[in-house]
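The lines below spell out each chain.
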Amino acid sequence: MRTGSEPRTARSALRARFWLCVWGVVWAIFGTAAFALAGRPGWAAACGALWLVITIDMAMVLRHIRQGPHYQPGRDIPPYRPPENPHR
């Protein structure tokens, strides 16, 4: 059922975001180590900064997953009710 309010009430695929974060952390760690060993401190710092951003995102995703069905609904959770006045 489409209500027209999907941009405001959309739900994120948090488990997919978590596994993408894991993938990104692995590559950021590899990049940081590889560039540091290759003597490229600028690129190592960039990969390190990316590693930090990905880790913060992963922490937020895990927090939302642990908060329950409001953020990570199962099949037994119905969609949000459509807004009363959709023209606002």
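Residues numbered from 1 in each chain as written. Predicted model: local features only at pLDDT ≥ 70, side-chain atom pairs only at ≥ 80, totals over all residues. Heavy atoms only, no water.

### Considerations on a nonpolar patch on the surface
Quick note on the threshold: Grouping into patches uses exposed residues only, defined as over 30% relative accessible area, and leaves out salt-bridged ones; the cut-off is 9 Å for like charges and 5 Å for nonpolar side chains (Val, Leu, Ile, Met, Phe, Trp, Tyr). What sets the accessible areas is the Shrake-Rupley method with a 1.4 Å probe; for residues, cover comes only from the shown protein chains. Each salt bridge in this description consists of a side-chain nitrogen of Lys or Arg and a carboxyl oxygen of Asp or Glu lying within 4 Å of one another. In DSSP terms, a helix is any run of H or I states spanning at least four residues, a strand is any run of E spanning at least two, and both are numbered starting from the N terminus. Between buried and exposed lies partly exposed: a residue is buried under 20% and exposed over 50% of the maximum accessible area for its type, with that area taken using a 1.4 Å probe on protein chains only.
The grouping of Trp23, Val26, Trp27 and Phe30 at the surface amounts to a nonpolar patch, some 500 Å² of accessible area in total. Structurally, the position occupied by phenylalanine 30 is in helix 2 (residues 14-37). Accessibility expressed as a relative area gives 51% for phenylalanine 30, which makes it exposed.

### Observations regarding the environment of serine 12
With respect to the secondary-structure elements, serine 12 resides in the loop between helix 1 (6-9) and helix 2. Overall, the relative accessible area of 32% leaves serine 12 in the partly exposed class. The sequence separation of serine 12 and valine 61 amounts to 49 residues, and the corresponding C-alpha distance is 9.6 Å.

### Observations concerning the packing of helix 2 against helix 3 (residues 41-66)
Rules: Angles run from 0 to 180 degrees between N-to-C directions of axes, and those axes are lines fitted to C-alpha atoms, restricted for helices to the stretch in contact. An angle below 35 degrees is treated as roughly parallel, one above 145 as roughly antiparallel, one from 65 to 115 as roughly perpendicular, and anything else as oblique. Should the near helix be turned anticlockwise from the far one by less than a right angle, the crossing is left-handed, and should it be turned clockwise, the crossing is right-handed. As a working rule, the residues Ala, Val, Leu, Ile, Met, Phe, Trp, Tyr, Cys and Pro are called nonpolar, Asp, Glu, Lys and Arg charged, and the rest polar, with Gly in that last group.
Look at helix 2 against helix 3: their axes get within 8 Å of each other, and the N-to-C directions meet at 160 degrees. What the angle tells us is that helix 2 and helix 3 run roughly antiparallel. Where helix 2 crosses over helix 3, the two elements pack in a sense that is left-handed. Considering only residue class, the contact of helix 2 with helix 3 consists of 18 nonpolar, six polar and three charged.

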